[in-house]
Amino acid sequence: MDRLHFIFGLLIPIALASIRCGQSHLQPCLKEDCSRSSKDSSLVDQIVGTANEPKTLNWVKSLRREIHRNPELAYEEFSTSKLVRRELDRLGIGYRWPVAGTGVVATIGSGSSPFVALRADMDALPIQEMVEWEHKSQTDGKMHACGHDAHVAMLLGAAKILQEIRDGLQGTVVLIFQPAEEKGQGAKDMIQEGALENVEAIFGLHVVHIYPSGIVASRPGEFLAGCGSFKATIRGRGGHAATPQNSIDPILAASTSVISLQSIVSREVDPLDSQVVSVGMIHGGSALNVIPDSATIAGTFRAFSSNSFNALRQRIEQIIKAQAAVHRCSAEIEFSGKDHPTIPPTVNDERIYHHAKEVSSMVLGAENVKLAPISMGSEDFAYYQEKVPGSFLFLGIGNEQTGSIYPVHNPYFSIDEDVLSIGAAIHALFAYTYLQNLNRNPTTSD
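Cut-off values and rules
- Residues numbered from 1 in each chain as written.
- Predicted model: local features only at pLDDT ≥ 70, side-chain atom pairs only at ≥ 80, totals over all residues.
- Heavy atoms only, no water.
- Helix = DSSP H or I, 4+ residues; strand = E, 2+ residues; numbered from the N terminus.
- Areas by Shrake-Rupley, 256 points an atom, 1.4 Å probe, with all protein chains shown as cover.
- Salt bridge = Lys/Arg side-chain N within 4 Å of Asp/Glu carboxyl O.
- Buried < 20%, exposed > 50% of the residue type's maximum accessible area, 1.4 Å probe, protein only.
- Contact = heavy atoms within 4.5 Å.
- Core = buried A, V, L, I, M, F, W, Y, C linked by side-chain atoms within 4.5 Å.

(A) Layout of the overall build of the protein chain. When helices and strands are counted, the protein chain shows ten helices and 16 strands. Summed over all atoms, the accessible surface of the protein chain reaches about 18400 Å², with 51% contributed by carbon and sulfur.

Below you can see the structure in the form of structure tokens.
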């Protein structure tokens, strides 16, 4: 038996380990619109019911396992993209490909406005999997250690559900299967190639071990930190270390730059406005008795608001260049690149957040929808939110019985696969109810 069950006229006990309620959490209607038609109610029941059918859940599990066995790094998701297209073809769903190299953009519904988007990322990590199970990664040094295999499987599950009720969709649902989230670049590339064309709102989620299975969490406004990286090359004039007066020492300039950067957070930033500046790399010289021509420092910086993030970036540049000048050196600073681009803060639109919260409550019950704290983690989903209103959600997978106790980017990372039905239902129900509410109330989506 599946762990998550709902009432469709008869009471079915809930057996999910973290939910001990003994009753269904599916409400007969949205709280703000309990007058909706019986047809609407029937379609909502169908969405959640289909997600929890054993046949559907087993299919979604099989997709996740197939993807997990064949992990692919950023912009190399060729087999994963092929799997997505294979399943979309079987479901009779049209799509556009290639987008941003390996990405896929599918559409379900009327083909006309309004448009609402759902997003899943596809790439894996360069990590050797240490979990011993039947569907372990078959590629040495690569692993789905961030749950993107589950994200793709859940979105395909939602695609199946939405395709079954396509005649009841009051608009168009856009499904975005995105490459290269781990590079921080995939969403940006998808946007540049038109993935958000006509889209009015977007929703995405991420599996996390810090919440038990059957719990979701998010927050309105600032949610995840913006993440930037910097690399500074400080140039002087090399020479013999015994006669430093004949040289211009970039090592000294680099050293004082590292120390001075620490004053930004400790002396210039409001203690209640969380920010981070960390230097993680220093390189200069190759001999102990030679002053080199140049030295390099590199690191990361993070903040929650765009204003704080941009101010942090500006101060990093000012301090490094000033310290270089004090020591008669010059400095060149790079703040973005293909490997470590600057990712903006993830800021949930309040209106879309409340819609996602209401949908999650319909699926799981309000007591299982939590307010998440802000996090220093980053997500390139933020690029979508810069263009259209959106909301991002954490889906709990924590379960000691299934070994789902390790954080993402860990070689022992695993998930409780019974949450796949939850993710599929929330995705599909978010899109369906968003379109229904938008057509019923043109000035608001909630």
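Back to the text.
(B) Quick peek at the pattern of salt bridges. A full pass over the atoms with the stated rule returns 16 salt bridges. Asp-149 serves as the salt-bridge partner of Arg-64, at 3.0 Å between the closest nitrogen and oxygen. Separated by 85 residues along the polypeptide, Arg-64 in helix α2 (residues 54–69) and Asp-149 in helix α4 (residues 148–164) bring together distant segments of the chain. In terms of burial, Arg-64 and Asp-149 fall into one category: buried. Here Arg-64 makes a salt bridge to Glu-417, at a shortest N to O gap of 3.1 Å. Here the residue Arg-64 occupies a position in helix α2, and Glu-417 occupies one in the loop between β16 (390–398) and α10 (420–440), the gap between them amounting to 353 residues. With respect to burial, Arg-64 and Glu-417 carry one shared label: buried.

(C) Just the environment of Gln-138, in detail. With respect to the helices and strands, the residue Gln-138 is situated in the loop between β3 (115–121) and α4. Residues Gln-138 and Arg-69, 69 residues apart in the sequence, show an inter-C-alpha distance of 5.4 Å. Not counting residues within four places of it along the chain, the set of residues in contact with Gln-138 comprises Arg-69 and Asn-70.

(D) Main features of the nonpolar core. Counting residues in hydrophobic clusters, the biggest one holds 73 residues, and the most contacted among them are Leu-88, Leu-118, Leu-156, Leu-162, Val-173, Leu-175 and Phe-177. Considering each element in turn, this core owes the most residues, 13 residues, to α10. Residues in contact with Leu-118, not counting those within four places in the same chain, are Leu-155, Leu-162, Val-173, Val-174, Leu-175, Ile-176, Phe-203, His-427, Phe-430 and Ala-431. One finds Val-99, Val-199, Tyr-211 and Val-388 within the second-largest nonpolar core, a separate group that totals 29 residues.

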